[in-house]
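Per-entry structural report
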Amino acid sequence: MAIDQTTMMEEKSSVAEFYRIVLQWDYFSLAEKNKGAADGSGLMEVKNTYDNVEDYLKTFEPLLLEEAKAQIKQMNEGEEGILEVQQKLGVIKNWSSDKNESNGFCFPVVYYESEEGEKISQNDLLIVSNEQFGLETKPSTYAFALAEDRQKESLRLRMYFPKDVHGDSADSKRLVNMRILVSGEDKVVFISKVCSLSTISREFVALHSIHTLPFKDVILRADDSNTSSTCNPWNIRASLTEFIESNHNASQLQAIRAGLSRKSIVLIQGPPGTGKTQTILGLLSAILHATPARTHDNDQQLSSRRVLELSKKETFRNFALASPWLTGNNPRDIIMPVNGDDGFYPVTGNELKPDIVIGSRKYRVRVLVCAPSNSALDEIVLRVLHQGIVSHVPT
């Protein structure tokens, strides 16, 4: 229980740190920067190995925050790059601060007239302003807020105002004026939804939890770095190999070879836009249309392992219970499609028609693809539907 409580406290601290960073940002400054080319200043080059967790975080935390900025700038943008969303009129009814005032968080409650199909949800990032704004104008007082809790006609917001905000800078004045605005009752404000922070906040927490992971060294030091194609346990047709090599760059090919290796875990990471989803499609194409290589190099090592002594009859019985397809059909494969055979499996091309596998492949392969959010998984599914899974079967 002590470990669980410690983990929960660390996650809560990581989430709070993420909110402190994001809620101080100025949306309109981000939109202005979006008009120019990104210079990548302040970002460190991604290395293959890292000495420690601190070194890893120094590289990937800024990249994750850049991804958050890109998400904020891309969501709900108009032709001129300025936010185009419905701005709802609300009234501040009460206000409270964090029990630990040094945290700088405050929690105003805004009452507004909700509509059917309301899209504002918990963990949504909002802009709170003292007046409406458009393509040519911006409000005089505004700041980001997080939808902490939503009732039928009210929103409990989380906002952040650093205790040490001072000076004559425009950003300091903006936050000071906003704090004055939301700390009073019956003040009129306008609220606008920007995007959801659910996924990116989970990624931030996961990034800061790396020191607790049992495979931390695999992530930091990439101990198993041999991804040579010669140790590939899959037999892949030459035509499919040529297609994969011609449609992926060098780093993507390296990641695909690593994913097809015998390693128990392979971590493929990279900044946004480097083709991670494309790499996933390449891996799926290879795995779904390959056959396992017959290898015997580990027979001696396997025979030396200490196992529980069982009779031959008991061993076969356990095999039958754990792997029913060894003594008959897989229960999940008994009912086959009319246009298929025992080698049938779906590969979902553009027309969503099944492929019939040639005689060298007489079993199904299933790959479980997970993602941190529904939208992220939707993106992978859309790629599969639009591009299809490449097969070695001529079309």
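Residues numbered from 1 in each chain as written. Predicted model: local features only at pLDDT ≥ 70, side-chain atom pairs only at ≥ 80, totals over all residues. Heavy atoms only, no water.

Moving on to the overall build of the protein chain. For the protein chain, the count of helices and strands is 12 helices and 11 strands. Put simply, the protein chain has 395 residues, and 35% of those count as buried. Relative to all contacts within the protein chain whose residues are 6 or more apart in sequence, the contacts with residues 24 or more apart total 70%. When the accessible surface of the protein chain is split by element, carbon and sulfur atoms take 51% of a total near 24300 Å². (Helix = DSSP H or I, 4+ residues; strand = E, 2+ residues; numbered from the N terminus. Buried < 20%, exposed > 50% of the residue type's maximum accessible area, 1.4 Å probe, protein only. Contact = heavy atoms within 4.5 Å. Areas by Shrake-Rupley, 256 points an atom, 1.4 Å probe, with all protein chains shown as cover.)

Time to look at the pairing of strand β6 (residues 154–160). The element β6 is extensively covered by neighbouring structure, given that 6 of its 7 residues are classed as buried. As paired elements, strand β3 (residues 109–112) and β6 share 3 bridges and run antiparallel to each other. Looking across to β6, one finds that Val110 is bridged to Leu155. Pairing analysis gives 4 bridges linking strand β5 (residues 142–150) to β6, with the strands arranged antiparallel. Among the inter-strand pairings, Asp149 is bridged to a residue of β6, identified as Arg156. Taking the residues that link successive antiparallel strands as the turn, the β5-β6 hairpin has 3 residues. (Pairing = 2+ DSSP bridges.)

The predicted coordinates should not be examined in detail at positions where pLDDT is low. Looking at the protein chain, pLDDT values average 75 and 70% of them are 70 or higher. Across residues 295–305, where pLDDT falls below 50, the model places 1 contact with residues more than four positions away in sequence or in other chains. Note that residues 340–362 has pLDDT below 50 and, in this model, 47 contacts with residues that lie over four places away or in other chains. (pLDDT = per-residue confidence, 0-100.)

Here we come to unusual backbone geometry. Despite not being glycine, Asn123 shows a phi value in the positive range, around 75°. Position of Asn123 relative to the elements: it lies in the loop between β3 and β4 (124–129). The phi torsion at Asp186 lies on the positive side, around 60°, for a residue other than glycine. With a relative accessible area of 48%, Asp186 lands in the partly exposed category.

At their nearest, the axes of helix α3 (residues 53–74) and helix α5 (residues 198–208) sit 11 Å apart, and the two run at 180° to each other. In terms of orientation, α3 and α5 fall into the roughly antiparallel class. Of the residues in α5, those touching α3 at Tyr56, Leu57, Phe60, Glu61, Leu64, Leu65, Glu67, Ala68 and Gln71 are Ile200, Glu203, Phe204, Leu207 and His208. Each residue belonging to the contact of α3 with α5 can be placed in one class, and the counts come to 9 nonpolar, 2 polar and 3 charged. (Axes fitted to C-alpha atoms, helices over the stretch in contact; angles between N-to-C directions. Parallel < 35°, antiparallel > 145°, perpendicular 65-115°, else oblique. Nonpolar A, V, L, I, M, F, W, Y, C, P; charged D, E, K, R; others polar.)

Attention now moves to the packing of aromatic side chains. Evaluation of the coordinates by the stated rule reveals 10 aromatic pairs. The interplanar angle of 85° and the centroid separation of 5.4 Å between the aromatic rings of Phe28 and Phe133 together place this pair among those described as edge-to-face. Pair noted here: Phe28 is in helix α2 (residues 27–34) and Phe133 is in the loop between β4 and β5, with a separation of 105 residues, a long-range link. Relative accessible area serves as the criterion here: at 6%, Phe133 is assigned to the buried category. Three or more aromatic residues joined by ring pairs make a cluster, and in this case those are Tyr27, Phe28, Phe133, Tyr142 and Phe144. Sitting above the plane of the Trp25 ring, Lys69 keeps its charged end 5.2 Å from the centroid. (Phe/Tyr/Trp six-rings, centres within 6.5 Å; stacked < 30°, edge-to-face > 60°. Lys NZ or Arg CZ within 6 Å of the ring centre and 35° of its normal.)

Grouped together as the largest cluster of nonpolar side chains are 39 residues, with contacts concentrated most on Trp25, Ile72 and Phe144. Listing elements by their share of this core, those giving two or more residues are α1 (2–23), α2, α3, β4, β5, β7 (188–196), α5 and α6 (216–221). Sort the elements by how many residues they give to this core and α3 lands first, with 9 residues. Setting aside residues no more than four positions away along its own chain, Trp25 makes contact with Leu30, Leu65, Ala68, Lys69, Ile72, Phe144 and Arg174. If you look at the next biggest cluster of nonpolar residues, it comprises 20 residues, including Val128, Leu157, Met159 and Leu181. (Core = buried A, V, L, I, M, F, W, Y, C linked by side-chain atoms within 4.5 Å.)

Let's shift gears to the environment of Ser198. Among the structural elements, Ser198 can be located in helix α5. Exposure remark for Ser198: the relative accessible area of 16% places this residue in the buried category. C-alpha of Ser198 to C-alpha of Leu125: the two residues are 73 residues apart in sequence and 9.4 Å apart in space. Contact partners of Ser198, with chain neighbours within four places excluded, come to Gln122 and Asn123.

Quick look at the environment of Leu125 now. Residue position: Leu125 is located in strand β4. Leu125 sits 21 residues away from Leu146 along the chain, and the two C-alpha atoms are 4.8 Å apart. Non-local contacts of Leu125, meaning those with residues more than four positions away in its chain, are made with Val22, Leu23, Ile72, Phe144, Ala145, Ser192, Lys193, Val194, Cys195 and Leu197.

Moving on: a nonpolar patch on the surface. Judged by side-chain polarity, Leu377, Val381, Leu382 and Leu385 come together as a nonpolar surface patch covering roughly 290 Å² of accessible area. Assessed through its relative accessible area of 41%, Leu382 is described here as partly exposed. (Patch = residues over 30% accessible without salt bridge, like charges linked within 9 Å, V, L, I, M, F, W, Y side chains within 5 Å. Salt bridge = Lys/Arg side-chain N within 4 Å of Asp/Glu carboxyl O.)

Turning next to the packing of helix α8 (residues 250–259) against helix α9 (residues 276–288). Put simply, α8 and α9 touch, their axes get as near as 9 Å, and they point 45° apart. Regarding the angle of α8 to α9, the classification is oblique. Taken as a pair, α8 and α9 cross one another with a handedness that is right-handed. Contact with α8, carried on its side by Gln252, Ala255, Ile256 and Gly259, involves Gln278, Thr279, Gly282 and Leu283 of α9 and no other residues of that element. Of the residues belonging to the contact of α8 with α9, the class tally is 3 nonpolar, 5 polar and no charged. (Left-handed = near helix turned anticlockwise from the far one by under 90°.)

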